[in-house]
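Coordinate analysis (summary)
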Amino acid sequence: MAGNTDRLQRLTRIAITVIVVQAAFWFAVYQPLLSIPPSRDLDKIELTNARIASLEVPSLEAAEGAAHSPVNLPHTLCCEPVYASLQMNFDLEAVPARGLGMLTYHQVDNMLVAVNGSIVVADGSLKFGRQTFQGQQGKVVRIPSGLLRAGSNTIAYVIVRDGYPYTDLYPPILAPIDQVQPWAARRLWQQGDYFLIAGWTTFLLGLFAVLLFWRAENRLFAGWLATVCFTWTGLAAYALVLDQPIGGTLRMVLFFGLNSLLSASLLGFVDTWTGRPSRGLQRVVVASWLVFVLISIFWLVYRPMPEGFDVPAQIWTWYTTALGAGVLVRLGWHAFRSGETRLLEAALMSIIAVCIVLDALGQHLGLNTGQYVVQSAPVLLFALIVAFVQRNFRLFQSTVSLNTYLSETLEAREAELAIARARESELFRQQAHLEERRRIMRDMHDGLGSQLMGMLLAARRGKVDAASMAEGLQSVIDEMRLMIDSMDSVGESLASALTTFQERSRPLVERAGFAFTWTTLLDTPLPDYPPRAVLQVFRILQEAVTNALKHSGGDRLEIVVAPEPDGGVRLSISDNGPHGMGDAARSGHGLRNMQSRAAAIGASLQSNREANRTTIVLVLPLNATPDRS
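Given the structure is predicted, the values throughout are model-derived calculations rather than measurements. (Residues numbered from 1 in each chain as written. Predicted model: local features only at pLDDT ≥ 70, side-chain atom pairs only at ≥ 80, totals over all residues. Heavy atoms only, no water.)

Section: the overall build of the protein
The line we're drawing: Here a strand is any run of E in DSSP of at least two residues, a helix any run of H or I of at least four, and the numbering for each starts at the N terminus. For the exposure calls, accessible area comes from a 1.4 Å probe over protein chains only, and a residue counts as buried if that area is under 20% of its type's maximum, exposed if over 50%, partly exposed in between. By the convention used here, residues are in contact when the closest approach between their heavy atoms is within 4.5 Å. For every accessible area listed, the method is Shrake-Rupley and the probe measures 1.4 Å; residues are considered covered only by the protein chains on display.
From N to C terminus, the protein includes 15 helices and 16 strands. Every one of the 629 residues in the protein was classed for burial, and the buried ones make up 44%. A sequence separation of at least 24 residues applies to 77% of the contacts in the protein between residues at least 6 apart. By element, 59% of the accessible surface of the protein is carried by carbon and sulfur atoms, the whole surface being about 32,500 Å².

Side note on helix α3 (residues 177-191)
At 3.6 residues per turn, the α-helix brings residues three or four places apart onto the same side. Here is the rule we go by: A helix is expected to span 1.5 Å multiplied by its residue count minus one. What is called the bend at a residue is the angle between a pair of axes, fitted to the seven residues leading up to and ending at it and to the seven starting from it.
Between its terminal C-alpha atoms α3 stretches 20 Å, which fits the 21 Å expected from 15 residues at 1.5 Å a residue. Approximately 45 degrees is the largest bend angle found in α3, and it occurs at Ala 185. Three or more residues of α3 are buried, namely Ile 177, Val 180, Trp 183, Ala 184, Arg 187 and Gln 190.

Overview of unusual backbone geometry
For the bond from Cys 78 to Cys 79, the omega torsion is 20 degrees, close enough to zero to count as cis. In this structure, Cys 79 sits in the loop between β3 (75-77) and β4 (82-92). Note that the residue after Met 305, namely Pro 306, is joined by a cis bond; omega there is 5 degrees. Residue position: Pro 306 is located in the loop between α7 (281-302) and α8 (307-337). Notably, Asn 49 is not glycine yet its phi reads approximately 55 degrees, a positive angle. On the secondary structure map, Asn 49 appears in strand β1 (residues 48-55). One non-glycine residue, Asn 116, adopts positive backbone phi at about 50 degrees. Tracing the chain through its elements places Asn 116 in the loop between β6 (110-115) and β7 (118-122).

Quick look at the nonpolar core
Which entries qualify depends on this criterion: Residues belong to one nonpolar core when they are buried, are Ala, Val, Leu, Ile, Met, Phe, Trp, Tyr or Cys, and are joined through side-chain atoms within 4.5 Å.
One finds Trp 26, Trp 232, Phe 256, Leu 262, Phe 269, Phe 309 and Ile 351 to be the most contacted residues of the largest nonpolar core, which totals 59 residues. Secondary structure elements with two or more residues in this core: α1 (2-34), α4 (193-215), α5 (219-240), α6 (248-273), α7, α8, α9 (343-365) and α10 (372-460). Per-element accounting of this core gives the leading share, twelve residues, to α6. Non-local contacts of Phe 309, meaning those with residues more than four positions away in its chain, are made with Tyr 164, Pro 165, Tyr 166, Met 252, Phe 256 and Leu 300. Listed in part, the 34 residues of the second largest apolar core include Ile 573, Leu 591, Ala 603 and Leu 605.

What to know about the state of the cysteines
Note the cut-off: The disulfide criterion used throughout: a pair of cysteine sulfur atoms within 2.5 Å.
Tallied over the full model, the rule gives one disulfide. Each disulfide pairs two cysteine sulfurs, and for Cys 78 the partner residue is Cys 79, the sulfurs being separated by 1.6 Å. Across the S-S bond linking Cys 78 and Cys 79, the dihedral sits near 90 degrees, which makes this disulfide right-handed. The exposure class assigned to Cys 78 is partly exposed, which follows from its relative accessible area of 42%.

Focus: the sheet that holds β7
Two strands in a sheet stick together by hydrogen bonds in their backbones, pointing the same way (parallel) or opposite ways (antiparallel). Basically, it comes down to this: Here, a strand pair is defined by DSSP locating no fewer than two bridges between the strands.
As summarised here, the arrangement of the six strands in space is β2-β1-β4-β9-β6-β7, forming an open sheet in which the pairing is antiparallel. Looking at the sheet topology across the chains shown, the edges are occupied by β2 (69-70) and β7. The pairing of β6 with strand β9 (residues 151-161) spans six bridges and is antiparallel. Note that in β9 the partner of Ala 114 across the bridge is Ala 156.

Some points on the pattern of salt bridges
The criterion, for reference: Here a salt bridge means any side-chain nitrogen of Lys or Arg lying within 4 Å of a carboxyl oxygen belonging to Asp or Glu.
Under the defined criterion, the tally for this structure stands at nine salt bridges. Here Arg 161 ties to Asp 109 by a salt bridge, and the two come within 2.9 Å at their closest N and O atoms. A residue pair is termed long-range when its members are at least 10 positions apart, and Arg 161 in strand β9 and Asp 109 in the loop between β5 (100-104) and β6 qualify at 52 residues. You can call Arg 161 buried: its relative accessible area is 3%. With a shortest N-O distance of 3.7 Å, Arg 303 and Glu 307 are connected by a salt bridge.

Description of the packing of aromatic side chains
Note the threshold: Note on ring pairs: Phe, Tyr and Trp rings are taken, using the six-membered ring of Trp, and paired if centres are within 6.5 Å. Classes follow the plane angle, with under 30 degrees stacked, over 60 edge-to-face and the rest tilted. Charge-over-ring placement is defined geometrically: NZ (Lys) or CZ (Arg) within 6 Å of the ring centre, and within 35 degrees of the ring normal.
The final tally for this structure, using the stated rule, is 16 aromatic pairs. A centroid spacing of 6.2 Å and a plane angle of 90 degrees characterise the contact between Phe 298 and Trp 299, whose relative ring orientation is edge-to-face. Its relative accessible area of 40% is what places Phe 298 among the partly exposed residues. Linked through ring pairs, Tyr 166, Phe 255, Phe 256, Phe 292, Phe 309, Trp 316 and Tyr 319 together constitute an aromatic cluster. Note that Arg 251 overlies the ring of Phe 133, its terminal NZ or CZ placed 4.0 Å from the centroid. Just above the ring of Tyr 238 sits the side chain of Arg 251; from NZ or CZ to the centre is 4.3 Å.

A word on the sheet that holds strand β11 (residues 173-176)
Worth spelling out the cut-off: Note on definitions: angles span 0 to 180 degrees between N-to-C directions of axes, and those axes are lines fitted to C-alpha atoms, for helices only across the stretch in contact.
The three strands are arranged β8-β5-β11 in an open sheet whose pairing can be described as antiparallel. Sheet topology places β8 (139-143) and β11 at the edges, where each strand pairs with a single neighbour. Adjacent strand axes in the sheet meet at a mean angle of 25 degrees, parallel and antiparallel pairs treated alike. Direction of pairing for β5 relative to β11: antiparallel, over a ladder of four bridges. Along β11, the bridge assignment pairs Gly 101 with Ala 175. Across the sheet, α3 is in contact with β5, β8 and β11; its angle to β5 comes to roughly 30 degrees.

Things to note about a nonpolar patch on the surface
The line we're drawing: A patch consists of residues exposed above 30% relative accessible area that lack any salt bridge, with like charges linked at up to 9 Å and nonpolar side chains (Val, Leu, Ile, Met, Phe, Trp, Tyr) linked at up to 5 Å.
Together, Leu 196, Trp 200, Phe 203, Leu 204, Leu 207 and Phe 230 give the surface a local cluster of nonpolar side chains, amounting to about 580 Å² of exposed area. A per-element tally of the nonpolar patch places α4 first, with five residues. The topology assignment puts Phe 203 in helix α4. Classification of Phe 203 by relative accessible area gives partly exposed; the value is 31%.

Everything listed is a geometric property; what it means functionally is a separate question.
Here's what the structure looks like:
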């Protein structure tokens, strides 16, 4: 029940927005700016005796000698290319001082206009195959008072039509120039300046859509938007560029292709705009448009007129009606099934859909056919993009605010983590001091304590001589030196620790009568190990060297620093004595102590015994870390 209530409220909001925006557009935008102004307020001069004749050549001389037949305007000629003459009369009681104004429009390619035998309009070319299309635009013709006379006056037209099968002739609007000019200004602005401004506007909006295409995640949205904009730009060029190097048939192909593409691309754009495109709908839109264009080309090129035009025109009517209905249905279905919040954009697109349907059915409804979409699309596209940019600008502002909040939160969290790291480091340092204190006590008890106790017992029993006493005291001194060196700083890196060890060990080894060799086989920097791991390596090297000097019985000591395949380091301590570490291992110190230290940092230590050679191998992995347990 709650879901149905929410849906009803959502649909109500959308319906209200659509009604308000539709009313605002039709009464505040379309009616004052884009609709055709009525001519009922003009003091129109009555035109009489309309007559028509076919011509062999498009000239006034040929028209004067042609046999004209009476005709009622509006009148349509069909169906072959034609040169024609249209004449009519009007009476003046007196000649207006400022002359007359005439708004003239015929559905022709081009025309020549004369009043009382004097040409007042002669733009472009009227020759078949090279004709221009100034006749596609309405124009206000000023008839100076010098060309007029009291009584009967004659207006003569010479017209050309090639390609389009129908030549539609309408009576011109003739009235005092002071009335015609302000009345026709809006209509001429719609046909000229408005198309020029709107054409450039849609072109720039299309460029904006192209930028969106390359930057946006939803490229279909930007692609359809660009298609809509550039299609309208093409329609503006079609209406404004009158001296075209193409014939009437190709102009008809362009007319059907551009008008139908505008309607089709609007449906594709709306489908993408919803954010939930219907499966296959856009492919159907593209395929149907291509089929329609191919059908239109076939009928226009290969079928006789007027059938060649009438069939594509009828298909276009129903095709664009279906597209307009599709836009309305797609918007309605989207509003029904989703919680749409872009109400303004949805309402603007509903106006586009209504314009498509009015264009398609306007002929049957007696409305301004073929003009609603063309006239309204630039305004609606501009409003759509403004709404889109405004909505995304709000989203951008929200994103900036969110980023600011996240940055502040991150800074606060980083400060908390820094305090926690400092607290952890202090705790870790205290634990290290406690462990170091326990180690020193253990070494003093097991090393110095056991040796001094042994010497004391031997002295009390009288079983010690001077040489034994000196050897025992030397062992105690060496053990104390090892402990003192272990408590001293050895550096923060493995490289500095090895350098310190080499400097301290060389004099001691050489005083003991050993040759000392240090070899480094590394061609890359040593790995970066934590200080506690570096200290354990230093102690292992100390014990290995001290035990070799005390127990090996040799005269050469060699240390090799070499790389491991996994990026670690291999340290090898070798002596050439006959005993090696044997005595130290049996006494409970030495090898067992070193292996324990290696295991504490995740390293491995092995003792290799060969003939007259013992090698201690310490292998450090790439990430040697102390065991905190």
